[in-house]
Amino acid sequence: MSNIPSSPWPDSTLALLLDGYEFISKRCRRYDSDLFETRLLLQKVICMQGEAAAQLFYDNDRFQRQGAMPQRVIKTLLGQGGVQGLDGEAHRRRKQMFMSLMTPERIQDIAALTAEHWCAAIMTWENRDTVVFFEAVNDILCRASCQWAGVPLPESHVQQLTKDLVAMVEAPAALGLRHWQGRLARNRAERWLAQGVDDVRARVCPALETSAAHVMAWQRDQDGELLDRKVIAVELLNIIRPIVAIGRFIVFMALALHEYPRYRQMLQAGSEEELTWFVQEVRRFYPFFPAVAAVVKQEFVWQGYRFPQGRWVLLDLYGTDHDPRLWEQPEAFQPERFRSWKGSAFDFIPQGGGNHHQHHRCAGEWITIELMKVALRTLTQEMEYAVPPQDLRFSLSQVPALPKSRFIIGNVRAKPRASRV
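Going along each chain's sequence as written, the residues are numbered from 1 onward. Thresholds applied to this predicted model are a pLDDT of at least 70 for local features of residues and 80 or more for the giving and counting of side-chain atom pairs; totals over whole chains, interfaces and linings are not thresholded and use all residues. By convention in this description, side-chain values take in all heavy atoms of the structure and omit both hydrogens and water.

Trainee: What is the right way to read helix 6 (residues 104-125) from this model?
Mentor: Residues that lie three or four places apart on an α-helix share one face, since the helix turns once every 3.6 residues. With 22 residues, helix 6 should cover 32 Å at 1.5 Å per step; its first-to-last C-alpha distance of 31 Å lies within 8% of that length. Burial here depends on accessible area, computed with a 1.4 Å probe over protein chains only, as a share of the maximum for the residue type. Under 20% is buried, over 50% is exposed, and the range in between is partly exposed. Numbered from the N terminus, helices here are DSSP runs of H or I no shorter than four residues, and strands are runs of E no shorter than two. Within the span of helix 6, buried status applies to Arg106, Ile107, Ile110, Ala111, Leu113, Thr114, His117, Trp118, Ala121, Ile122 and Trp125. Only heavy atoms enter the contact rule, under which two residues are in contact if any of them lie within 4.5 Å. Lining the buried residues of helix 6 we find strand 4 (130-132), helix 7 (133-149), helix 11 (229-259), helix 15 (365-382), strand 9 (383-386) and strand 10 (408-414). Here the expected span of a helix is defined as 1.5 Å times the quantity of residues minus one.

Trainee: Help me understand the pairing of strand 2 (residues 43-48), please; the structure alone is not making it clear to me.
Mentor: The side chains of a regular strand alternate between both faces of the sheet. In short, DSSP must find at least two bridges between two strands for them to pair. Note: strand 1 (residues 35-40) against strand 2, six bridges, orientation antiparallel. Counted as the bridge partner of Phe36 is Cys47 from strand 2. Count of turn residues in the strand 1/strand 2 antiparallel hairpin: two residues, of which Leu41 carries a positive phi of about 55°. Here strand 2 pairs with strand 8 (residues 312-316) via four bridges, running parallel. Along strand 8, the bridge assignment pairs Ile46 with Val313.

Trainee: Help me out: how do you make sense of the packing of aromatic side chains in this one?
Mentor: Any two aromatic rings considered together are summarised by their centre-to-centre distance and by the angle between their planes. Between the rings of Phe, Tyr and Trp (Trp by its six-membered ring), a pair exists once the centres lie within 6.5 Å; its type follows the angle of the planes, with under 30 degrees stacked, over 60 edge-to-face, and the other angles tilted. In total, this model carries 29 aromatic pairs according to the counting rule given. Ring centres of Phe252 and Phe394 lie 5.0 Å apart, and the angle between their planes is 70°; on these two criteria the pair is classed as edge-to-face. Note that Phe252 is positioned in helix 11 and Phe394 in the loop between strand 9 and strand 10, a separation of 142 residues in sequence. Classification of Phe252 by relative accessible area gives buried; the value is 0%. Aromatic rings pair up to connect Phe252, Tyr260, Tyr263, Phe278, Phe285, Tyr286, Phe333 and Phe394 into one cluster. The ring of Trp180 carries the charged tip of Arg183 above its face, separated from the ring centre by 4.7 Å. Any Lys NZ or Arg CZ found within 6 Å of a ring centre and within 35 degrees of that ring's normal is scored as a charge over the ring. Of note, Arg284 hangs over the ring of Trp327, and the distance from its end group to the ring centre comes to 5.6 Å.

Trainee: Would you take a moment to explain the layout of surface pockets for this structure?
Mentor: Vacant regions in the atomic arrangement are exposed by a probe of water-molecule size rolled over the atoms. Of the volumes computed, that of the largest pocket is approximately 830 Å³. Considering the residues around the largest pocket, the lining is formed by 34 residues, among which Leu16, Pro172, Ala173, Pro290 and Val399 are closest to the centre. Contributions of two or more residues to the lining of the largest pocket are made by helix 1 (13-19), helix 2 (23-31), helix 4 (71-78), helix 8 (155-170), strand 5 (291-296) and strand 8. Polarity classes work like this: nonpolar for Ala, Val, Leu, Ile, Met, Phe, Trp, Tyr, Cys and Pro, charged for Asp, Glu, Lys and Arg, and polar for all others, with Gly in that last group. Here the lining of the largest pocket is built from residues that sort into 26 nonpolar, four polar and four charged. Points on a 1 Å grid over protein atoms alone make up a cavity when a 1.4 Å probe fits among them but cannot get out, and a pocket when they form an open set with protein on both sides within 12 Å along at least five of seven lines; lining residues each have an atom within 4 Å of a point. Grid points are joined across faces, edges and corners, and a volume is the space filled by probe spheres set on the points.

Trainee: For this particular structure, what's the right way to read unusual backbone geometry?
Mentor: Leave glycine aside and you will find that most residues have negative phi; peptide bonds, for their part, are mostly trans. The step from Val399 to Pro400 runs through a cis peptide bond, and the omega angle for that step is -5°. Along the chain, Pro400 turns up in the loop between strand 9 and strand 10. Its identity is not glycine, yet Phe407 carries a phi of approximately 65°, on the positive side. Among the structural elements, Phe407 can be located in the loop between strand 9 and strand 10. Judged by relative accessible area, Phe407 falls into the buried class, the value being 0%.

Trainee: Which parts of the structure should I look at to understand the packing of helix 4 against helix 9 (residues 177-201)?
Mentor: For any two helices packed against each other, one specifies the crossing angle of their axes together with the interaxial distance. Axis angles are defined between N-to-C directions and span 0 to 180 degrees, where every axis is a line fitted to C-alpha atoms and, for a helix, only to the segment in contact. Where helix 4 meets helix 9, the closest approach of the two axes is 8 Å, and the angle between their N-to-C directions is 50°. One finds that helix 4 runs oblique with respect to helix 9. Taking contact as the criterion, the partners of Gln71, Arg72, Ile74, Lys75, Thr76, Leu77 and Leu78 in helix 4 are, on helix 9, His179, Gly182, Arg183 and Arg186. Taken together, the residues that form the contact of helix 4 with helix 9 break down as three nonpolar, four polar and four charged. In this scheme, roughly parallel covers angles under 35 degrees and roughly antiparallel covers those over 145, while 65 to 115 is roughly perpendicular and the rest are oblique.

Trainee: Can you walk me through the packing of helix 9 against helix 11 in this structure?
Mentor: Their axes nearest at 8 Å, the elements helix 9 and helix 11 cross at an angle of 110°. Taken together, the axes of helix 9 and helix 11 lie roughly perpendicular to each other. Handedness of the crossing formed by helix 9 with helix 11: right-handed. Between helix 9, through Arg186, Ala189, Glu190, Leu193, Ala194, Gln195, Val197, Asp198 and Arg201, and helix 11, the contact on the second element is made entirely by Arg229, Ile232, Ala233, Val234, Leu236, Leu237 and Arg241. A per-class count over the contact of helix 9 with helix 11 returns nine nonpolar, one polar and six charged. Each helix crossing is assigned a hand: it is left-handed if the near helix lies turned anticlockwise from the far helix by less than a right angle, otherwise right-handed if that turn is clockwise.

Trainee: Quick question: what am I supposed to make of empty space enclosed by the protein here?
Mentor: On inspection of all chains with the given rule, the structure shows four cavities of 30 Å³ or more. Counted as a void, the largest cavity has a volume near 840 Å³. Around the largest cavity sit 41 residues that line it, and Leu78, Gln84, Arg241, Gln351 and Cys362 are the ones nearest its centre. Among the secondary structure elements, those contributing two or more residues to the lining of the largest cavity are helix 4, helix 5 (88-99), helix 11, strand 5 and helix 15. Of the residues forming the lining of the largest cavity, the biggest block, nine residues, is contributed by helix 11.

Trainee: I tried to follow the side chain of Glu370 on my own but got confused; where do I start?
Mentor: The topology assignment puts Glu370 in helix 15. On the basis of relative accessibility, which here comes to 17%, the residue Glu370 falls in the buried class. Apart from the residues within four sequence positions on either side, Glu370 is in contact with Ile107 and Gln108.

Rendered as C-alpha cells:
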C-alpha cells in the first residue's frame, strides 16, 4: 500500500486562501499525483482531482455528505438541514423533491419569465449612461427566480433580497465583516421565507401547485411528517440563491463575448447547438465553485491508497475542468470542443458530477444552462451595448471570482425587431 503524498506544512489554510481555485491542481502537479493529503482549518483532508477521482467521489457507498461542510459554509451558503448535507433515504426523498421541479415544462417556464425580465431591464438601461452588469443581472435573476418559485416578492424587498443572496455566495471564503454579513443575510432571508411557508400552508398566499413554494410546503420526510418550516426556508433558498448565482456565469459570458468577439457574429445567427457549446465552454473555462466536500464512510483502499473512516475529502471541480488529460489546450477558450464531447458525468463538473437523481450533483444545472442561453440570446440578438474602458481582470485567488469592475456596459439599446435574427 502506498502513502498518499503529503504536504510538509502543518496547515495549508493560508495557502488555500492565496491560491484559491488553483490550490488543489497546483499541488497535484507538484506531487505528480491525482491526490494528496494536508490539513485545512487544522483538520486532515485528502484533496483529489480528475475523472477517476470524480467517479470515486460520487460513490455513495464510500462517502457521505453529513458533516462534510465546515460551519462557515453551512451558516452562509448552504443553510442548516438542507439537501446538500443529507445521505441515504433522507437525501433520496429530498433530492426527488428538487428533481420534480426540473421538468422540461417548468424549466421552459423560468426561461420565459427570465426573458421577460431581461426585456423590462433593457428598457430601464436605455435611460442610463452606464450599467454595472453584475448588479443588474442579479436583479433580473432574483425577480425571475422568486416569481418562478411561487415566492411573492414586493418591489420594496427586491434590492435587499438580491444583496442578501449575493452576500451568502460571497461569505464562505470571506474573512471578517463580509463573512458575518453573509450570516446575517441568511438569517434574514430564512425568517422571511419561513413566514411565507406559513402563509402557503394557511392558504393566505396560495401558490401554483407546481411551484417550489407549494411542493416544499407540503413535502413530507421519511417518517411521514411535514418538513419543518425552517428547513423549507433553507430549501427555498437552495432554489433562489443558486439561480441568482448564475449571474456570475452570465458576467463571465459577457466577458467572453468581449474578449473573443469573433463568436458574437457567429452567435447572432447561431443555432441552438452553437449557443449550447458557448454556454458550456463558459462554464468549463471560467471559475465558479472551486471544490466540493465529502467524508469517508468506512475505511477503503483505492489505487493502493488508504482512505480512513471519517477522513474529510475535497474534489477539485475547477482543476478537473482544466485537466489537460481531459481537455485539449484547457487554458484556451474554445466552444467548438463541445462538438465532440461525449457527455461524461465525471470529466465536466462545474456544478458537481455524477447522476442528478442519485448523487449530489446540482439539481438546477439544466436551469443554469437554459438561463445562460436566454442571456446569450439577449446579449447577441436582442440588444446593443458598449463596453467602456475598465478593469476586467479577475483573480483565481478570489473565491468566488468576478471581474474587478463587475463588468460595466453603456449606450444600451434594444435592437429594432426588423434587425433581430
